[in-house]
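Read off the chains here:
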Amino acid sequence: MMIPDRSEYLKGLAQTGQKIMGVLPALYPRELLWAFDIHAAEIWDPPGEILHANAHLQTTICPIVKKSLEFILKDPDIINAGYLFPHTCDSLQNLGTQVKDLIGVSLPVYTFYNPKGSFNNTTIKYYRDILQNFQLTLETIYRPLDPEKLLTACELSHKIDSHLLAIHQARMTNHLSLSNEEYFKLMRAQEYLLPADYLNLLEQVDILDQPGESLKTRLMVSGILPPTSKILEFLDELGVSIVADDLLAGSRRIPKFSMDAPSSPIDYLTDRFFVLPPCSTRGGDLDERMHHISTRMKDSRAQGMLFDMVKFCEPELFDHRLLVKTLREKSIPVLTLETELEHHISGQDKTRIEAFTELLFDMVST
Amino acid sequence: MSIRAELKYKIMKDYGAPAVMAFQDFKRRKPRPVPEAFGPPLETNKRLKEILSRHYFLSRYVPGVKKVAWVTSGAPVELLRAFDFYTIYPENHSALVGAKKQGADYCGIAERSGFSQDLCSYARIDLGHMLSGKTPAGKLPKPDLLFCSNNICQTVLYWYKAIAHELNIPLIHFDAPFVTTEQTEADINYMAQQLQDMIPILERVSGRVFYQNIFEDILKRSMETSKTWGAILDAMKAQPAPMTIFDAFGHLAPIVSLRGLPVAQDYYHILMEEVDARVSMGIGAISDERYRLIWDNIAIWYKVRFLATFFAERKMNFVTATYTNAWAETTGYLDVKDPWISMAKTYGQIILNNNLKHRLDLMKKMIKTYSVDGMVMHSTRSCKPYSVGQFDLRKAITADLDLPAVILDADIADERVWSEQQIHTRLEAFCETLEGSKFG
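Worth saying up front: this structure is predicted, and the values here are computed from it rather than measured.

Caption draft 1: Layout of the domain arrangement of chain A. Residues and elements named next belong to chain A. Domain annotation for chain A reports domain 1 (6-144) and domain 2 (148-365). The C-alpha centroid of domain 2 is placed 23 Å from the C-alpha centroid of domain 1. Together domain 1 and domain 2 conceal approximately 3700 Å² of surface at their shared face, both sides included; 67% is due to carbon and sulfur atoms. A salt bridge links Arg253 to Glu42; its shortest N-O distance comes to 2.8 Å. For the interface between domain 1 and domain 2, the tally reads 14 residue pairs in polar contact (both at pLDDT 80 or more). Of all the elements in the fold, those that place two or more residues in the side of domain 1 that touches domain 2 are helix 1 (6-15), helix 2 (30-35), strand 2 (38-42), helix 3 (63-73) and helix 5 (121-141). Considering each element in turn, the side of domain 1 that touches domain 2 owes the most residues, seven residues, to helix 5.

What follows is the structure, given as structure tokens:
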């Protein structure tokens, strides 16, 4: 399975004249963009040092926001259709208006509000309205929406979701022979591959008929992004397999269950938003989130939980205490790491991971 | 509702509270000497202390008499008033803890229980209070309901969720979509509908029926109170200004936490009268006002006195602030004839829920109308919606208006963040620039 390099792939696409929009985390109606032939290239943790962004943001702002701004300030050629700021948290909310109204970029800046809190019929109606408003915004810039194209985009999205659900299930039940690094590389390829290319990639994933080796220590991971590749590599070396996730850049963006194939696109997109797993950034109920995590842990037979917390991420940090407390009450070992999205792994983190996995090994052997 | 509890509350309200207030007044009979740099203190300060102390004092006797709601500062509290909830504002309480320089202590309780030090200090103080029961207000009643709106930040939603879970009580959240350019019809209708959806829940929790006429009266009162508060702030355009913004930080408490009640309405009439009288007599808040400043962001509660004195000694007076203005800015949208839609407009467009172009334009307008010579921005690690964007706001304002400005990196209520040396150096440099730019 060959996964193209993010930067090379996007460069190649831009050279073909493909419209590419830079999209910040996390939830947005990608299908609407696809229906306008716009490719969504997601910006989560672009590589490179944070230099210029420091002139615009305080030291206590999360590295995802800072790295995103650093990327935008470079005015990269690969982004040619503008930037989309979905409403995820206070910092991204303000960054959107900061870039649009104060810093100024040569490309258009769009926003998309994701409703917060507990959802009911009023929220559902509102979400439909904002989808339609977003469609109107795109229509004023591009062309009237072709309903057939939107339906096709939704069908593509539905197929991708179905594959991802199957792959997640396979991962949980040991029917996938991918290392941690390979697995998350595959998951994160959706952030930049064209949907058809991504679907093609997913179709190549080999789901085993019989469960594979089950001696490995099994771990669930929670946070915004998967652990960095160095940590994933290290876990691979230690014989630890991440079998389930509660990641914003991972399973929190995939419906909890398989949805019916789309017939009415706006209905489909609305339904899809409301069947996503509980997420701190949407401000949902804590019990519901804890229940979801517990179910995932049980289904995947994960023995421990790794919280990989992005520094200064308020939505995650608020929920974190209760999640840790509840898991500990259930005697589930928990390790919390704090990340500033560095590309190395500190000696201290290495030692903590080793000690944690030893604890899990001991649990498995007893 | 228990008859015993009601009787106790009535006795405390009619006799206990006045007695306690009189005792406190007796204890305070020896007024603290006023430094020379300041003008005579506002007489209304005494009344402010009375009504706030009374509110906190009576809250102890409220359980069993009225339902208690903990509310965020930007939430449309008028709706709760229609059900006679006794409201407590955790942000206000956290500011009180911060002002008493006890923030680190309360934050520490929350941190030791597992909350991160990187979280908002208002939230940590409140969680510290919830976990320990500690409060400088004596005792606070446990809430029957939580009511929050993310029109001031998303943080309040996460914070209130944590309380709701811990105390196993209902949480009502008013979702206010962020205004990126202007409010859409969908945004307004969504908010208006949410408010109406809340009525059956509030009826259930309070055990009271909703009456539209009572609600409208409350709305009228709230509107009138906010307008008076706006007029008080407007009076600070006078030279010399009759108050400093540090006074206003204190006098803000009733509009935040008692909005919609007669006591707040009456209070601001008294304050307005005093402020008007000072303006007509040319009495300034500082004895020799030579420079006029604008403050951006929430107060640094544990350093209010220090900052007030530091600037007053340099003949500098803060005459306006984006923070104090927030409870007057959108009042004009309130309309009793169309309560739901008008509340959606009022509460949806407040400064922290509005884009930075709006904030930039507003600040420029304030700088001009209040004849401001310099700007102090508090970059607080607790409040992302207030702080993210400040660097570029400063740049835009200094470039367009040629206004000296300084950014202070601190926190609203966690005094551990304060760096005396660094702030002092920055402030001295700012004052030198300001003096040079005005009379240089």
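Caption draft 2: Inspection of the state of the cysteines at higher detail. Enumeration over the complete set of coordinates arrives at zero disulfides over all chains. For the unlinked cysteine A:Cys62, the closest cysteine sulfur is that of A:Cys313, found at 6.1 Å. On the basis of relative accessibility, which here comes to 9%, the residue A:Cys62 falls in the buried class. No disulfide involves B:Cys107; its sulfur sits 8.6 Å from the nearest other cysteine sulfur, which is in B:Cys120.

Caption draft 3: Looking closely at the sheet that holds strand 3 (residues 83-86) of chain A. Residue and element names in this part refer to chain A. Within the open sheet, the four strands sit side by side as 2-1-3-4. Their pairing is parallel. Single-partner strands in this sheet number two, and they are strand 2 and strand 4 (109-112). Neighbour to neighbour, the strand axes of the sheet diverge by 30° on average, direction disregarded. Packing of helix 4 (residues 90-103) onto the sheet brings it into contact with strand 3 and strand 4, and relative to strand 3 it is tilted by some 150°.

Caption draft 4: Looking closely at the interface of chain B and chain A. Listed per partner, the contact involves 53 residues of chain B and 49 residues of chain A. Note on chain B versus chain A: buried area summed over both sides is about 4200 Å², and carbon and sulfur give 58% of it. For the pair chain B and chain A, the number of links is three salt bridges. Here A:Asp319 makes a salt bridge to B:Lys161, at a shortest N to O gap of 3.5 Å. In this assembly, chain B and chain A are joined by 24 residue pairs in polar contact (both at pLDDT 80 or more). Counting residues per element, the ones that place at least two in the side of chain B that touches chain A are helix 6 (121-132), helix 7 (155-167), helix 8 (185-206), helix 16 (356-369), helix 17 (384-387) and helix 18 (390-401) of chain B. Ranked by residues supplied to the side of chain B that touches chain A, first place goes to helix 7 of chain B with eight residues.

What counts, and at which threshold
Every chain is numbered independently, its residues counted from 1 as its sequence is written. The naming scheme follows written order: chains are lettered A onward, ligands numbered 1 onward. In keeping with the model being predicted, local features are shown solely for residues with a pLDDT of at least 70 and side-chain atom pairs are shown and tallied solely at 80 or more, while totals for entire chains, interfaces and linings include all residues. Hydrogen atoms and water are omitted, and side-chain values are computed over all heavy atoms in the structure. What marks off one domain from the next here is an automatic or database domain assignment. Two parts lose some accessible area (1.4 Å probe) when they are put together, and adding that loss for both gives the buried area. By definition here, a salt bridge exists when the distance from a side-chain nitrogen of Lys or Arg to a carboxyl oxygen of Asp or Glu is within 4 Å. Whenever a nitrogen or oxygen atom comes within 3.5 Å of another N or O atom, the pair is scored as a polar contact, on the condition that within protein one atom can donate a hydrogen and the other can accept it, and that pairs from neighbouring residues in sequence are kept only if both atoms are in side chains. Per the convention used, a helix needs a DSSP run of H or I reaching at least four residues, while a strand needs a run of E reaching at least two, with both numbered from the N terminus. Note that a disulfide, as used here, is simply two cysteine sulfur atoms within 2.5 Å. Relative accessibility thresholds used throughout: buried, under 20% of the residue-type maximum; exposed, over 50%; partly exposed, between the two (1.4 Å probe, protein chains only). When DSSP finds at least two bridges between two strands, those strands are taken to pair. Axes, fitted as lines to C-alpha atoms, cover a helix only where it is in contact. Angles between the N-to-C directions of the axes lie from 0 to 180 degrees. It only takes one pair of heavy atoms within 4.5 Å for two residues to be counted as in contact.

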